[in-house]
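What follows is each chain in one-letter form.
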2 protein chains.
Amino acid sequence: MVNINQNILNDTLLTQSFSQQDSPLAQCQLVAKMYAGIENAVAVLSDLKANRSYIYSGGVGTAMGLDIGTEIDSIWEEGLFSRIRPDDLEAKHAMELQFFHMLKDLPNHERYDYYVNSILHMRNAQDEYVPVQHRMFYIRSADNGSVWMALCLYNFPPQQVESDNYFGRIVNSRTGKIMLPDRQQVNDILSEREKEVLRMIKTGSSSKEIAARFSISVYTVNRHRQNILQKLHVNNSMAALRIADAIHLLEN
Amino acid sequence: MVNINQNILNDTLLTQSFSQQDSPLAQCQLVAKMYAGIENAVAVLSDLKANRSYIYSGGVGTAMGLDIGTEIDSIWEEGLFSRIRPDDLEAKHAMELQFFHMLKDLPNHERYDYYVNSILHMRNAQDEYVPVQHRMFYIRSADNGSVWMALCLYNFPPQQVESDNYFGRIVNSRTGKIMLPDRQQVNDILSEREKEVLRMIKTGSSSKEIAARFSISVYTVNRHRQNILQKLHVNNSMAALRIADAIHLLEN
């Protein structure tokens, strides 16, 4: 069976000419802009390679009272995040981390068949929490398999939202199959030893102290540190701890 | 307040360069292709001026066993329609007609803030009815106010669908306001006299016969005929009758 989706992606995104620059970034930016235009979405394109985000704020941004600029030096849109209800933000992080690790196990072309669809609650211009639909797509992978470009879309949900809780699903857009979030899968992101190391890092311990505590070499501690950063998809220990907190990774 | 949505639409859709042709059609086709690529959607772009549709079939098309070509000489995608559960198809027509008339009363730039979001049921490749999310956007209007380019998107719904009934809403994407469908609004699409004329057309009466029946001139009958076609957004009486049937316009 021909992979129609991939072909269309290729035909659409790779063969267009662009006025500003001929790069995958410009092509992904066009997709984000289009969602902001057609759906009034707040569309955040995050370049994981450059650790940079591009924000296209459609009408929803105005309704939400968002003032978050158009380009930031991070893949974390703190301006947006600060308006998300804290427990929803935690759940969102957990979902996205699970999604990321699921995609890493898939060949590049199958990744485009999955996205995250969730309902979370954000403070609007009147400072009231209202339900917002959040969708996340990875729209470009690097040749080496790294997940490269992430697109987050924030809209008002098209239906009345019944529940006041965070609601998130990984959806296969090709088959309609809905995958439930799996707590166990989140726990399995780090090994038990890696969790122990991260708990020590949290207390402010040095690599040397951690090595002594577990009777392993400093070299091994540093290898664990590297693995933790890689698995949590962050650049430094502070960010790793923030993520681990958000998804309750160290609690069990 | 700056109309961000319109600006983004303009910036995005009007200022890009295109490899094939520089026309609004190519720009709208790009939007449709992108939905097929990013969301695996079956995306149908209908050019109301040319009475022509362009179909971009993402992975959902394969899953649904759709074989509907890529370009048809009609804004009615019969290949798709034949797979929609008949009562859902009727409800869909009614909703879209209501949407069309609502938009006609709005200035061009406000039209981009509304779309139809609905759940209908379609036969899949295994000939079973499954819930499908249908979204409809008008993405381009003509300078004279005519609604020009319609985009219909068919996806699997991201959530479990509880009800077996058609579910449709007109949504303001900028504010999140959900407008319920309104039976009265559908009834008001044609005047009582126009309905009477259409009922006569349905029985096969000529304009002369209709004129005699209502003691009006043939000229007036033909004016009513023109208004009916225009209001129902069709080119001939057969199509008008099909629509009227679908939305139960002649029943009360």
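Chemist: For this particular structure, what's the right way to read the pattern of salt bridges?
Modeler: One side chain can pair with another of opposite charge once the charged atoms of both are near each other. Residues and elements named next belong to chain A. One pass over the structure, following the stated rule, counts 28 salt bridges over all chains. The shortest N-O distance in the salt bridge between R52 and D73 comes to 2.3 Å. Residue R52 is found in strand β2 (residues 52–57), and its partner D73 is found in the loop between β3 (71–72) and α4 (78–81); the two are separated by 21 residues along the sequence. By relative accessible area, which is 23% here, R52 ends up partly exposed.

Chemist: Sorry, what's going on with the sheet that holds strand β7 (residues 167–172) of chain A here?
Modeler: Residues and elements named next belong to chain A. Reading across from one edge, β3-β2-β1-β6-β5-β4-β7-β8 is the order of the eight strands in this open sheet, with antiparallel pairing throughout. For this open sheet the edge positions go to β3 and β8 (178–179), each flanked by a neighbour on one side alone. When strand β4 (residues 114–123) meets strand β5 (residues 129–141), the two strands line up antiparallel, connected through nine bridges. Of the residues in β5, the one forming a bridge with N117 is R135.

Chemist: I keep staring at the side chain of A:R111 and nothing clicks. Help me out?
Modeler: Residue and element names in this part refer to chain A. Along the chain, R111 falls in helix α6 (residues 108–111). For the buried residue R111, which engages in no salt bridge, the nearest side chain bearing the opposite charge is D105, 7.7 Å off. Within the structure, the side chain of R111 is placed 2.9 Å from the backbone oxygen of L103, a separation counted as a polar contact. Ignoring sequence-local partners within four residues, the contact set of R111 consists of L103, K104, L106, S141, G145, S146 and V147.

Chemist: When you look at helix α2 (residues 24–39) of chain A in this model, what are you seeing that I'm missing?
Modeler: Helical geometry: 3.6 residues make up each α-helical turn, so side chains three or four residues apart lie on a common side. Residues and elements named next belong to chain A. Along its 16 residues, α2 runs 23 Å from first to last C-alpha, staying within 8% of the 22 Å computed at 1.5 Å per residue. The element α2 is extensively covered by neighbouring structure, given that 15 of its 16 residues are classed as buried. Two residues or fewer past α2, N40 is found with a positive phi of approximately 60°.

Chemist: Hey, could you run me through the environment of B:L97 in this one?
Modeler: All names here are of chain B. Of note, L97 is situated in helix α5 (residues 86–104). In this structure L97 comes out as buried when scored by relative accessible area, which is 4%. L97 sits 135 residues away from L232 along the chain, and the two C-alpha atoms are 7.2 Å apart. Setting aside residues no more than four positions away along its own chain, L97 makes contact with I189, K231, L232, I243 and I247.

Chemist: Quick question: what am I supposed to make of the side chain of A:D88 here?
Modeler: Take A:D88: it is sitting in helix α5 (residues 86–104). Within polar-contact distance, the side chain of A:D88 engages the side chain of A:H121 at 2.8 Å.

Chemist: Looking at this model, I keep getting lost on the packing of aromatic side chains. Mind explaining?
Modeler: Aromatic ring pairs are described here by two measures, namely the spacing of the ring centres and the angle between the planes. All names here are of chain A. By the definition in use, this model includes seven aromatic pairs over all chains. Seen from their ring centres, Y115 and F137 are 5.0 Å apart, and the 10° between their planes marks the pair as stacked. Here the residue Y115 occupies a position in strand β4, and F137 occupies one in strand β5, the gap between them amounting to 22 residues. Aromatic rings pair up to connect F99, F100 and Y138 into one cluster.

Chemist: Can you walk me through the packing of helix α8 (residues 192–202) of chain A against helix α11 (residues 237–246) of chain A in this structure?
Modeler: All names here are of chain A. For the pair α8 and α11, the least separation of the axes is 10 Å and the interaxial angle reads 110°. In terms of orientation, α8 and α11 fall into the roughly perpendicular class. Between α8 and α11 lies a crossing of left-handed hand. Taken together, the residues of α11 that come into contact with α8 (itself represented by L198, I201 and K202) are S237, A240, L241, A244 and D245. Among the residues making up the contact of α8 with α11, the classes are represented as five nonpolar, one polar and two charged.

Chemist: Whenever I open this one, the pairing of strand β2 (residues 52–57) of chain B confuses me. Can you help?
Modeler: It is a general feature of regular strands that their side chains alternate between the two faces of the sheet. Residue and element names in this part refer to chain B. Of the strand pairs in this sheet, strand β1 (residues 42–47) and β2 are connected by six bridges, and their pairing is antiparallel. For A43, the partnering residue across the bridge sits in β2 and is Y56. Between the antiparallel neighbours β1 and β2 lie four residues, among them N51 with a positive phi of about 50°. Pairing geometry for β2 and strand β3 (residues 71–72), over two bridges, is antiparallel. Bridging across to β3, Y54 finds its partner in E71.

Chemist: What's the story with the sheet that holds strand β7 (residues 167–172) of chain B in this structure? I'm lost.
Modeler: Remark on secondary structure: sheet strands pair via backbone hydrogen bonds, oriented parallel or antiparallel. All names here are of chain B. The eight strands are arranged β3-β2-β1-β6-β5-β4-β7-β8 in an open sheet whose pairing can be described as antiparallel. The open sheet is flanked by β3 and β8 (178–179), the only strands paired with a single partner. Together, β4 (114–123), β5 (129–141), β6 (147–155), β7 and β8 form the strand contacts of α5, whose direction differs from that of β4 by roughly 170°.

Chemist: Even after reading the chapter, I still don't get the packing of α2(A) against helix α2 (residues 24–39) of chain B, so can you show me in this structure?
Modeler: How two helices sit against one another is set out by the angle between their axes and by the gap between those axes. The geometry of α2(A) relative to α2(B) is characterised by a closest axis approach of 11 Å and an angle of 110° between their N-to-C directions. Viewed along their axes, α2(A) and α2(B) adopt a mutual orientation that is roughly perpendicular. Contacts between α2(A) and α2(B) involve A:L30, A:V31, A:M34, A:Y35, A:I38 and A:E39 from the former and B:L30, B:V31, B:M34, B:Y35, B:I38 and B:E39 from the latter. The residue makeup of the contact of α2(A) with α2(B), split by class, is ten nonpolar, no polar and two charged.

Chemist: Whenever I open this one, unusual backbone geometry confuses me. Can you help?
Modeler: Most peptide bonds adopt trans geometry, and most residues besides glycine take a negative phi value. Here the phi dihedral of A:N40 falls at roughly 60°; this positive angle occurs in a residue that is not glycine. Tracing the sequence through the fold places A:N40 in the loop between α2 and β1 (42–47).

Chemist: It is not clear to me how the pairing of β1(B) should be interpreted in this structure. Could you clarify?
Modeler: Residues and elements named next belong to chain B. Within β1, six of the six residues are buried, leaving the element largely enclosed by the surrounding structure. The alternating pattern of β1 places V42, V44 and S46 and A43, L45 and D47 on opposite faces, both of which are buried. Bridging between β1 and β6 involves six bridges; their strand directions are antiparallel. The partner of D47 across the bridge, within β6, is M149.

Calculation criteria
Residues numbered from 1 in each chain as written. Chains lettered and ligands numbered in written order. Predicted model: local features only at pLDDT ≥ 70, side-chain atom pairs only at ≥ 80, totals over all residues. Heavy atoms only, no water. Salt bridge = Lys/Arg side-chain N within 4 Å of Asp/Glu carboxyl O. Helix = DSSP H or I, 4+ residues; strand = E, 2+ residues; numbered from the N terminus. Buried < 20%, exposed > 50% of the residue type's maximum accessible area, 1.4 Å probe, protein only. Pairing = 2+ DSSP bridges. Lys, Arg positive; Asp, Glu negative; His and termini not counted. Polar contact = N/O pair within 3.5 Å; in protein donor to acceptor, adjacent residues only side chain to side chain. Contact = heavy atoms within 4.5 Å. Expected span 1.5 Å × (residues − 1). Phe/Tyr/Trp six-rings, centres within 6.5 Å; stacked < 30°, edge-to-face > 60°. Axes fitted to C-alpha atoms, helices over the stretch in contact; angles between N-to-C directions. Parallel < 35°, antiparallel > 145°, perpendicular 65-115°, else oblique. Left-handed = near helix turned anticlockwise from the far one by under 90°. Nonpolar A, V, L, I, M, F, W, Y, C, P; charged D, E, K, R; others polar.

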